[in-house]
Amino acid sequence: MIFPAELLSLLARTGKLVALTGAGVSQESGLRTFRDSQVGLWAQYKPEDLASPEAFARDPKLVWDWYAWRREAIKGARPNPGHYALVEIEKKKPQFILITQNVDGLHRMAGTHNLLELHGNIQRVRCSECGKFAETWDEDSETVPRCDHCDGLLRPDVVWFGESLPRDQLERAVEAARACDVYFSIGTSGVVQPAASLAHAAKKNGAVIVEINAEPTPLTPQADFSFHGRSGEILPALVKAAFNH
Ligand code: OAD
């Protein structure tokens, strides 16, 4: 794969790199992307109808089971070459900040340290009433497991539609996007706010926008460089061309 020389020299020169990733980076690890994740039993639901406080209030067991099903799928998943290429960038450029919308934990499993998880992590579970994190719970229970402190219902520690993002993670992400020279948008449809607006904050402050995605997105017209294909193939090739020649 041939990359523009202008992009390669910019990547070699600057340390101020930021990337935002979405479900597309984990697709090659065997996980379904968000807007493609409704199969079998779950085909009758839209993610928005399962990932919301209203859905949990209406039918907590349904929502709990959907997350249990996704957690089970993640159990066998391993990082792919795209995740590892992002670890390589961090090794070459220690200021590199990776922002992810994914809750699957694969970036950390691959070895990324400078990571902002905007939408939480599916492996963590907390009480929906008092907020206490639960270390263990009965996954096979007929009912939604309860908090050992206040008896409230347990829920995954992820951000649901209509909920605020973790404030410190979002603030640090906005700050990083505003300060970077190159902003990568990788494997995300770019339609969920506020993550989608980070690219615009970066662009407004003069960053070069690089998109790597299977298909064009609403960000594509704003991107300085767009590569359409699989991130597990494009990212390692880009890292090799920019840093390992
Ligand atoms: P989406 O499912 O909306 O988008 C995934 C994008 O990845 C699509 O544009 C695909 O074309 C692209 N894609 C698929 N396979 C790819 C591959 N191998 N390489 C590169 N790109 C690939 O997922 P997100 O953008 O992550 O939020 O969704 C954003 C948020 O919406 C999620 O975090 C979740 C969801 O509602 C919450 O739950 C709060």
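> Could you give me a rundown of the domain arrangement of the protein, with the residues and numbers involved?
By the assigned domains, the protein splits into domain 1 (5-31 + 79-119 + 165-243) and domain 2 (36-75 + 128-158). Domain 1 puts four residues into the contact, and the matching count from domain 2 is five residues. Where domain 1 abuts domain 2, roughly 350 Å² becomes buried across the two surfaces, and 74% of that area is made up of carbon and sulfur atoms. At the junction of domain 1 with domain 2, the criterion picks out zero salt bridges. Classifying every residue of the side of domain 1 that touches domain 2 gives two nonpolar, one polar and one charged.

> Before we move on, could you go through unusual backbone geometry and cite the residues and values that matter?
The step from Q193 to P194 runs through a cis peptide bond, and the omega angle for that step is 0°. Relative to the elements of secondary structure, P194 occurs in the loop between strand 7 (182-186) and helix 8 (198-204). The phi dihedral of D151 falls on the positive side, at around 75°, and the residue is not glycine. Within the secondary structure, D151 sits in the loop between strand 5 (133-134) and strand 6 (154-158).

> Pulling in residues and values, what's your account of the pairing of strand 7?
Among the five residues in strand 7, five count as buried, and that is most of the element. Here strand 7 shows a buried face lined by V182, F184 and I186 and a second buried face lined by Y183 and S185. Summarising the sheet, strand 1 (residues 17-21) and strand 7 pair through five bridges and their orientation is parallel. Of the residues in strand 7, the one forming a bridge with V18 is Y183. Bridge analysis of strand 7 against strand 8 (residues 208-213) gives five bridges, and the strand direction is parallel. Within the sheet, the bridge partner assigned to V182 lies in strand 8 and is V208. Handedness of the strand 7-helix 8-strand 8 crossover: right-handed.

Calculation rules
- Residues numbered from 1 in each chain as written.
- Predicted model: local features only at pLDDT ≥ 70, side-chain atom pairs only at ≥ 80, totals over all residues.
- Heavy atoms only, no water.
- Domains from an automatic or database assignment.
- Contact = heavy atoms within 4.5 Å.
- Buried area = accessible area lost by both parts, 1.4 Å probe.
- Salt bridge = Lys/Arg side-chain N within 4 Å of Asp/Glu carboxyl O.
- Nonpolar A, V, L, I, M, F, W, Y, C, P; charged D, E, K, R; others polar.
- Helix = DSSP H or I, 4+ residues; strand = E, 2+ residues; numbered from the N terminus.
- Buried < 20%, exposed > 50% of the residue type's maximum accessible area, 1.4 Å probe, protein only.
- Pairing = 2+ DSSP bridges.
- Right-handed = clockwise from strand over helix to strand, strands pointing away.

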